[in-house]
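Observations on the model geometry
Letter by letter, the chains look like this.
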Amino acid sequence: MERNLLKKAIDLAKANVDKGGGPFGALIVKDGLVISKAANLVTLKNDPTAHAEVLAIRKAAKKLGTWNLEGCELYTSCEPCPMCMGAVYWAHLDKVYYASGHNDAKKAGFDDSEIYSEMRKEVKDRKISMQQEMREEGNEAFLKWMEKVDKEEY
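The notes below deal with the structure included here. Because the structure is a prediction, the values reported are computed rather than measured. (Residues numbered from 1 in each chain as written. Predicted model: local features only at pLDDT ≥ 70, side-chain atom pairs only at ≥ 80, totals over all residues. Heavy atoms only, no water.)

Looking at unusual backbone geometry
One non-glycine residue with positive phi stands out, namely D31, at about 55°. Along the chain, D31 turns up in the loop between strand 1 (25–30) and strand 2 (33–39). Accessibility expressed as a relative area gives 71% for D31, which makes it exposed. Unlike most non-glycine residues, M134 shows phi in positive territory, near 55°. Relative to the assigned elements, M134 resides in the loop between helix 6 (113–120) and helix 7 (135–147). (Helix = DSSP H or I, 4+ residues; strand = E, 2+ residues; numbered from the N terminus. Buried < 20%, exposed > 50% of the residue type's maximum accessible area, 1.4 Å probe, protein only.)

Points about the side chain of T76
With respect to the helices, strands and loops of the structure, T76 is situated in strand 3 (residues 72–78). In this structure the side chain of T76 is engaged in a polar contact, spanning 2.9 Å, whose partner is the side chain of E53. Not counting chain neighbours up to four residues away, the residues in contact with T76 comprise L6, A9, G25, A26, E53, V96, Y97, Y98 and A99. (Polar contact = N/O pair within 3.5 Å; in protein donor to acceptor, adjacent residues only side chain to side chain. Contact = heavy atoms within 4.5 Å.)

What follows is the structure, encoded as structure tokens:
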């Protein structure tokens with residue numbers, strides 16, 4: 001773990017607060033080099049998915065020309081939220097280094113507890129109504145995918 005890289009993520013988060021953004025910063029690093037960096041732009045861009053980690057992953061994937069970020073590490077000012085954790089796994093990052101924990105974020109008003117709780121519930125018991133329709137028609141896309149010989153699996 002490179003302390004200076006984690007410090008850069010923290011500094012990015014602090015600078016972002018001064019710009020009117022959220023207190024989160026992230027870097028994607030490969031072989032000790034910073035491939036991308038981003039800060040939380042949720043309120044500045046009116047985009048609820050514009051978390052620092054997701055934006056850094058997007059930039060790194062674009063720069064490297066691949067969706068697969070194996071060999072890369074994430075340095076982030078705070079433990080990733082459930083959405084960002086999903087992005088970390090889908091991107092196949094090797095490791096995550098973070099400074100503040102989710103309980104620290106909760107104290108500052110960034111509470112993911114409800115999301116974690118909802119994810120453990122049965123679909124029918126979730127706060128936001130979710131109703132499955134047209135399952136067979138929807139599965140046609142999966143059948144087409146499974147039959148495709150030249151697919152790039154991820």
